[in-house]
Amino acid sequence: MASSSSWSVPLRLWLSGAAAFLAATLALAAPTQLVPRQSITTVSQSAVASYTPYSFYASAGYCSASATISWTCGTNCEGNPTFKPLASGGDGVTVQYWFVGYDPSLKSIVVSNQGTQPSAIIPLITDGDIALVNLDPSLFPGLDSSIQAHKGFAEAHSKSASDILEAVQQAITTYGTHNVVLTGHSLGAAISLLHTVYLPLHISNLKITFVGYGLPRVGNQAFADYVDAHDAIASVTHINNKEDPIPILPGRFLGFHHPAGEIHIQDSGAWLACPGQDNTDSQCIVGDVANVFDGDESDHDGPYNGVEMGC
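Everything quoted here is computed from the prediction, not taken from an experiment.

Undergrad: Any chance you could break down the overall build of the protein for me, citing the residues and the numbers?
TA: Along the backbone of the protein there are 11 helices and 11 strands. Residue burial in the protein is summarised as follows: out of 311 residues, 55% are buried. A separation threshold of at least 6 residues defines the contact pool for the protein, and within that pool the share at least 24 residues apart is 72%. If you sum the accessible surface of the protein, you get close to 12,000 Å²; carbon and sulfur atoms cover 53% of it.

Given below as structure tokens:
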């Protein structure tokens, strides 16, 4: 988990190397004005508590495949004690860990993908993999060519996509439900958001609930619009903690946009629902963290209602 004391050495090195670039583009990266859109509302305590199972599943995504298939991953597994694991994979190095199973309390199939630490994800979302690319038509058949995603995230998704698809299909057969929860933190949230587009292209009648934490921007405007337009299939919530800088990257000036569904945890601990895409109100992440220099890396791992991400 991220250090609570200060910015990591790798991140400070990256920031020093990127300072000139950011200075030149800061005006483009930051909103020109902070304009409230629809009403920002406070999330009730009962609704906040309802996200806790998803938080534990996202955190468990960091645990090894052997730990999640046996559901022996300590506090993260104990947070959802009735979960029934079905499949797991990844090596945590070249392929992110992932697991699939069934939660009888949520009456849903659960898919979680491993995230990564800020010192690792910042280079991923700012280096050569930052390019927006068309999604692989063999994985995303029939998708309009205007829809593009971050190259690095798309590649990470592709490495486990077919295995996760097979596991979800098996879970549907075993448990007789088409309700699917997709979750993850950081890079894991990005991979899971791509699954909200990917899985319905291969399985009919899915009802997806996506809950992501510390989600970076995954795709372009057409991607964000596509996700929002399919809200009858996939309900999307992405939760940002305080001054976490990861959700404002990659920058909008590079063509990246978030779908709607933001919840922003305030310094006070209150959870606010921020309507629309990339809401620039100062109570939402884009308005609160105008650039990476305003961010605090230690907020990336949480806590999310008491849950710190990591295994």
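Undergrad: Mind laying out the pattern of salt bridges, listing which residues take part and the relevant values?
TA: With the rule as written, the count across this model stands at one salt bridge. Of the charged contacts in the structure, one is a salt bridge between Arg217 and Asp278, with a shortest N-O distance of 3.0 Å. Of this pair, Arg217 sits in the loop between strand E8 (207-213) and helix H10 (221-229) while Asp278 sits in the loop between strand E11 (271-274) and helix H11 (285-288), and the two are 61 residues apart along the sequence. On the accessibility criterion, Arg217 (2% relative accessible area) is buried. Its relative accessible area of 5% is what places Asp278 among the buried residues.

Undergrad: Explain helix H9 (residues 187-198) residue by residue, including any values.
TA: Along an α-helix, residues three or four positions apart point the same way, because every turn accommodates 3.6 residues. Taking 1.5 Å per residue as the helical rise, H9 with its 12 residues ought to reach 16 Å, and the 16 Å between its terminal C-alpha atoms agrees with that figure. With respect to burial, H9 is a largely interior element, 12 of its 12 residues being buried. Buried residues of H9: Leu187, Gly188, Ala189, Ala190, Ile191, Ser192, Leu193, Leu194, His195, Thr196, Val197 and Tyr198, and no others.

Undergrad: Describe the side chain of Asp244, with residues and values.
TA: Structurally, Asp244 can be placed in the loop between strand E9 (234-241) and strand E10 (262-265). Buried Asp244, no salt bridge; nearest opposite-charge side chain is Arg217, N-O distance 12 Å. Setting aside chain neighbours within four positions, we find Asp244 in contact with Gly214, Ile285, Val289, Asp296, Asp299, His300 and Tyr304.

Undergrad: Residue-level account of the nonpolar core, with values.
TA: Counting 44 residues, the largest nonpolar core has Val100, Leu135, Val168, Val180, Leu193, Val218 and Phe223 as the members making the most contacts within it. The element that contributes the greatest number of residues to this core is H9, accounting for eight residues. The residues contacting Val180, other than those within four sequence positions of it, are Ile109, Val111, Val168, Leu206, Lys207, Ile208 and Thr209. With 25 residues, the next largest nonpolar core counts Tyr62, Val181, Val211 and Met309 among its residues.

The rules behind these values
Residues numbered from 1 in each chain as written. Predicted model: local features only at pLDDT ≥ 70, side-chain atom pairs only at ≥ 80, totals over all residues. Heavy atoms only, no water. Helix = DSSP H or I, 4+ residues; strand = E, 2+ residues; numbered from the N terminus. Buried < 20%, exposed > 50% of the residue type's maximum accessible area, 1.4 Å probe, protein only. Contact = heavy atoms within 4.5 Å. Areas by Shrake-Rupley, 256 points an atom, 1.4 Å probe, with all protein chains shown as cover. Salt bridge = Lys/Arg side-chain N within 4 Å of Asp/Glu carboxyl O. Expected span 1.5 Å × (residues − 1). Lys, Arg positive; Asp, Glu negative; His and termini not counted. Core = buried A, V, L, I, M, F, W, Y, C linked by side-chain atoms within 4.5 Å.

Honestly, it's all geometry; don't read function into it.
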